[in-house]
Amino acid sequence: MVSPAVNTKKMTMIEGVRNAMDEMLKENEDVIILGEDIGVNGGVFRATEGLHEKYGEERIIDTPISESGIIGNSIGLAANGFRPIAEIQFLGFIYPGFNQLMTHATRLRQRSLGRFTVPLVVRAPYGAGVRAPEIHSDSVESLFTHMPGIKVVVPSNAYDAKGLLITSIDDPDPVMFLEPLRCYRSNRTEVPDGKYTIDIGRASVLKQGDDISVFTWGAMVMDTMKAIEKLEEEQNISCEVIDLRTLYPLDKETITASVQKTGRAAIVHEAPATGGVSNDVISLINDTSFLYLRAPIQRVTGFDTPVPVYSLEQDYLPSAAKIKAAIVNAVNF
Amino acid sequence: MIEDFPMQQIINEDGAIVDSDAMNDISTEQVKSFYYQMLRARMLDKKCVNLQRQGKIGTYVPYEGQEAAQIGSAVALGEGDWIFPTYRDHAATLTFGHSMRNLLLNWRGRPEGNVPPEGVNIFPPGIPIASQLLHATGAAWAEKKHGSDRVSLVYFGDGATSEGDFHEALNFGSVFNIPTVFFNQNNGYAISVPMKRQMKTKTIAQKGLAYDMNCLRIDGNDVLAVYAATKESVDRARANQGPTLIEAVTWRYGAHTTADDASKYRDQNESETRRETTDPLLRVQRYLQTQNAWNEDWLKTIEEDITDEIETAIAEMEAYPEPDLRQLFDYVYDRPTWTIQEQVNQHLAVQGEE
Ligand SMILES: Cc1ncc(C[n+]2csc(CCOP(=O)(O)OP(=O)(O)O)c2C)c(N)n1
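Residues numbered from 1 in each chain as written. Chains lettered and ligands numbered in written order. Predicted model: local features only at pLDDT ≥ 70, side-chain atom pairs only at ≥ 80, totals over all residues. Heavy atoms only, no water.

- As annotated in an unreviewed UniProt entry, chain B carries the name Pyruvate dehydrogenase E1 component subunit alpha and comes from Salicibibacter kimchii.
- Recorded in UniProt under Subunit (unreviewed entry), the annotation for chain B is "Heterodimer of an alpha and a beta chain." (UniProt positions renumbered as here; feature names shortened; annotations may be inferred.)

- You'll find chain A entered in an unreviewed UniProt entry as Alpha-ketoacid dehydrogenase subunit beta, with Salicibibacter kimchii given as the organism.
- Quoted verbatim from the Cofactor (unreviewed entry) heading of the UniProt record, the comment on chain A is "thiamine diphosphate".

### Some words on the site of the ligand
Okay, so step 1: Within the structure, the ligand sits among 21 residues, and E67(A), Q89(A), Y87(B), R88(B) and G159(B) are positioned closest to it.
Okay, so step 2: Mapping the residues adjacent to the ligand onto the chains of the assembly identifies chains A and B.
Okay, so step 3: At 2.8 Å from a nitrogen atom of the ligand is found a main-chain nitrogen or oxygen belonging to I127(B).
Okay, so step 4: Take I129(B): an N or O atom from its main chain is 2.9 Å from a nitrogen atom of the ligand.
Okay, so step 5: In isolation the ligand exposes 580 Å². Once the protein is present, 96% of that is buried.
Okay, so step 6: Here the residues of the shell around the ligand are counted per class, giving 10 nonpolar, five polar and six charged. (Near = heavy atom within 4 Å. Polar contact = N/O pair within 3.5 Å; in protein donor to acceptor, adjacent residues only side chain to side chain. Areas by Shrake-Rupley, 256 points an atom, 1.4 Å probe, with all protein chains shown as cover. Nonpolar A, V, L, I, M, F, W, Y, C, P; charged D, E, K, R; others polar.)

### Structural notes on the UniProt feature "domain: Dehydrogenase E1 component" (unreviewed entry) in chain B
Okay, so step 1: Here, the residues flagged by UniProt with the feature "domain: Dehydrogenase E1 component" (unreviewed entry) are residues 38–324 of chain B.
Okay, so step 2: The straight-line gap between the two end C-alpha atoms of residues 38–324 of chain B is 35 Å; of that span, 46% is helix and 12% is strand. (Helix = DSSP H or I, 4+ residues; strand = E, 2+ residues; numbered from the N terminus.)

### With respect to the pairing of strand β14 (residues 298–302) of chain A
All names here are of chain A.
Okay, so step 1: Counting buried positions over the five residues of β14 gives four, a clear majority of the element.
Okay, so step 2: Relative to β14, strand β13 (residues 265–272) runs parallel, the two being bridged by four bridges. Paired with I267 across the strands is R299, a residue of β14.
Okay, so step 3: Between the parallel elements β13 and β14, the chain passes through helix α10 (residues 278–289) in a crossover that is right-handed. (Buried < 20%, exposed > 50% of the residue type's maximum accessible area, 1.4 Å probe, protein only. Pairing = 2+ DSSP bridges. Right-handed = clockwise from strand over helix to strand, strands pointing away.)

### With respect to the layout of surface pockets
Okay, so step 1: Taken as a whole, the second largest pocket spans an internal volume of roughly 700 Å³.
Okay, so step 2: Forming the boundary of the second largest pocket are 26 residues, of which E134(A), P306(A), V309(A), P111(B) and N114(B) lie nearest the centre.
Okay, so step 3: Looking at the lining of the second largest pocket, the elements that each hand over two or more residues are α5 (131–146) and α12 (326–330) of chain B.
Okay, so step 4: Looking at the lining of the second largest pocket, the element that brings in the most residues is α5(B), giving three residues.
Okay, so step 5: Residue classes in the lining of the second largest pocket are distributed as 16 nonpolar, seven polar and three charged. (1 Å grid on protein atoms, 1.4 Å probe; cavity = no way out; pocket = protein on both sides within 12 Å on 5 of 7 lines; lining within 4 Å. Points joined across faces, edges and corners; volume = space filled by probe spheres on them.)

### Focus: the UniProt feature "domain: Transketolase-like pyrimidine-binding" (unreviewed entry) in chain A
Okay, so step 1: Feature annotation in UniProt assigns "domain: Transketolase-like pyrimidine-binding" (unreviewed entry) to the following positions: residues 11–186 of chain A.
Okay, so step 2: Secondary structure across residues 11–186 of chain A comprises 36% helix and 17% strand; the distance between its end C-alpha atoms is 10 Å.

### Comments concerning the interface of chain A and chain B
Okay, so step 1: Each partner contributes residues to the interface: chain A has 38 residues there, and chain B has 39 residues.
Okay, so step 2: Interface area for chain A against chain B, summed over the two sides, is near 3200 Å², with a carbon-plus-sulfur share of 59%.
Okay, so step 3: The tally of links between chain A and chain B comes to two salt bridges.
Okay, so step 4: Here E57(A) makes a salt bridge to R197(B), at a shortest N to O gap of 3.3 Å.
Okay, so step 5: Counting across the chain A and chain B interface gives 14 residue pairs in polar contact (both at pLDDT 80 or more). (Contact = heavy atoms within 4.5 Å. Buried area = accessible area lost by both parts, 1.4 Å probe. Salt bridge = Lys/Arg side-chain N within 4 Å of Asp/Glu carboxyl O.)

### Describing empty space enclosed by the protein
Okay, so step 1: Tallied over the entire structure, the rule returns three cavities of 30 Å³ or more.
Okay, so step 2: Counted as a void, the largest cavity has a volume near 160 Å³.
Okay, so step 3: Taken together, 15 residues line the largest cavity, and the ones lying closest to its centre are P133(A), E134(A), V309(A), N106(B) and W107(B).
Okay, so step 4: When its residues are assigned to classes, the lining of the largest cavity shows eight nonpolar, five polar and two charged.
Okay, so step 5: Estimates place the volume of the second largest cavity at around 90 Å³.
Okay, so step 6: Contributing to the lining of the second largest cavity are 14 residues, with P85(B), H90(B), T93(B), L103(B) and P125(B) lying nearest its centre.
Okay, so step 7: Mapped onto the lining of the second largest cavity, the elements with two or more residues apiece are α3 (90–95) and α4 (100–107) of chain B.
Okay, so step 8: Within the lining of the second largest cavity, the residues separate by chemical class into six nonpolar, seven polar and one charged.

### Some points on a negative patch on the surface
Residue and element names in this part refer to chain B.
Okay, so step 1: A cluster of acidic side chains, namely E296, D297, E303, E304, D305 and D308, defines a negative patch on the protein surface.
Okay, so step 2: Mapped onto the secondary structure, D305 falls in helix α11 (residues 296–319).
Okay, so step 3: For D305, a relative accessible area of 43% corresponds to the partly exposed category. (Patch = residues over 30% accessible without salt bridge, like charges linked within 9 Å, V, L, I, M, F, W, Y side chains within 5 Å. Lys, Arg positive; Asp, Glu negative; His and termini not counted. Charge placed at Lys NZ, Arg CZ, Asp CG, Glu CD.)

### Some remarks on the packing of helix α1 (residues 28–53) of chain B against α4(B)
Residues and elements named next belong to chain B.
Okay, so step 1: Here α1 crosses α4 at 30°, and the two axes come no closer than 12 Å. One element, α1, and the other, α4, form an angle in the roughly parallel class. Taken as a pair, α1 and α4 cross one another with a handedness that is right-handed. Where α1 approaches α4, its residues R40, L44, C48 and L51 are matched on the opposing element by M100, L103 and L104. (Axes fitted to C-alpha atoms, helices over the stretch in contact; angles between N-to-C directions. Parallel < 35°, antiparallel > 145°, perpendicular 65-115°, else oblique. Left-handed = near helix turned anticlockwise from the far one by under 90°.)

### A closer look at the domain arrangement of chain B
Okay, so step 1: Partitioning chain B into structural domains gives domain 1 (2–323) and domain 2 (325–354).
Okay, so step 2: One C-alpha centre belongs to domain 1 of chain B, the other to domain 2 of chain B, and the line joining them spans 38 Å. (Domains from an automatic or database assignment.)

Laid out in structure tokens, this is it:
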């Protein structure tokens, strides 16, 4: 945690992301960034703003529009000594690069019995609620949790983003680093100067509670916290809220301890329900805590439909009403 | 290689005819109609930028400067042909028969925006770069298999040629002799990345050589050159002589989208000065003036007509009924799966019908 000797600064999440890359670029010559419009333009969300001027075009590399090219080249660079950070402009555009991730990045270590490794971080903004055009808002984290060989990290604030990204860049294996668009500028947290790390695979307990454990991540953290604040005011229900932060591997201890304490669980995510990461959380709870449960586990998710264009996206996203209804259902079961 | 692909032109920047043979087939009335189409598209584009600033539509993708490339090509197609636009090609889709109201609804984040009028074959705009090129070959391939002589035309930018899909589409097109026109608008930039950083080749046209394909490079700001070259390519495709790659060299004055700040990566003054030399409307105006066919009253009349048309479309957009959430569920599958049915019911149980 933050020691008093360290200076901190209030930052937005995008600044936290940038700050992490800046630290790592400074510390390690092998860290390089590749992506579309990340150089002179500083990235369409400004994640790399100023880095091109500071580190030059040999390290902050504007690539042609080619996700397969960006990820495929990053695999070769990573296997040969570099620590590439590949930016995919929006997660919904990663599909042309999917083949490279699935068939190479995630399994090179295993296929070469450790002779070649892929210390690669793929960063991508994702998620709905910012009125972006079609396909820019896809929330497809479970495509990656389903890929053996890659870790999947989702910060929701600047402090977590910086610590988790530094850890991800240091990680010897590929990490999918998903940045919820709606969190980029919607909140500020104190962020320490310099390098600090947050372990991958560790959830964060945002709020202690006794009656139900609510698991969430990404932009739904903000919505869940808001919905719960209201609910606790209105009714006599005490909620524990946990930001999972890493979707693969899940934080088994934290999830288990919380459910065994409260005896109830709800999971909130904006991705479609079927095949969603919620199912893995449920399965984990089933394995570890079945006899502690006092109610069926609730899920509040997006629909099994493509993420819609913006006139309908608010209906698609889990609403406060649905989050509250799920919690009340569990508590009154 | 660039010498092998000289830029084809009919009217130059000063409005002078540089290829007089080409003018044999083109009447002054037709030139005026091109002007009208370009003005209509430009006025709509400017209006959309304003609507975005007022918060009436979402992020918008302007095309000002590219009217000749989009309109000259769209006009060269016939009824029943197919077009495959990107997010930037409303001048083309508008000209090919998309309704202005639906174009506006598209930017208001409404699913109706992607729906063309009955019988008009316009695909929803391609959002993932280059993905639509393969749909264009597929659709044209189907026409060929059906024994029709319909063709497809697909729009894409310079940046799109870096994606695998571009190469795969050209390869399919040439292997199966598919009646498609690959219409590239080279506007010099892919968001912030200039062409020289996107590719080492000086032309995009030359990329067609690797696929043994007819390929040419034209002045994309010259609506007549665009029309003539596209018409010829469409005719070739119809006559089963295979696909063509056209590189139309053009320029977009504004930013990539209304969310983008072009001054970060390109000199906006340069972009503005280009209006004098490359503006597709100005060039046609100058030509018509040399023919004594330009008339300020005519301009005023068409401006008024277009303003009315745009205002009507905006009113229709604003009066359009609120979106119905069922659109989301009803069109995911032909028949909703039980998962979806259950999700609708659960949603309605909590949120109500509204
Ligand atoms: C597969 C994919 N990757 C990235 C993007 C994000 N993006 C949108 S437009 C664009 C640049 C396109 O440039 P170009 O093909 O030259 O067309 P232009 O926008 O200049 O018309 C990028 C990178 C995308 N839409 N799809």
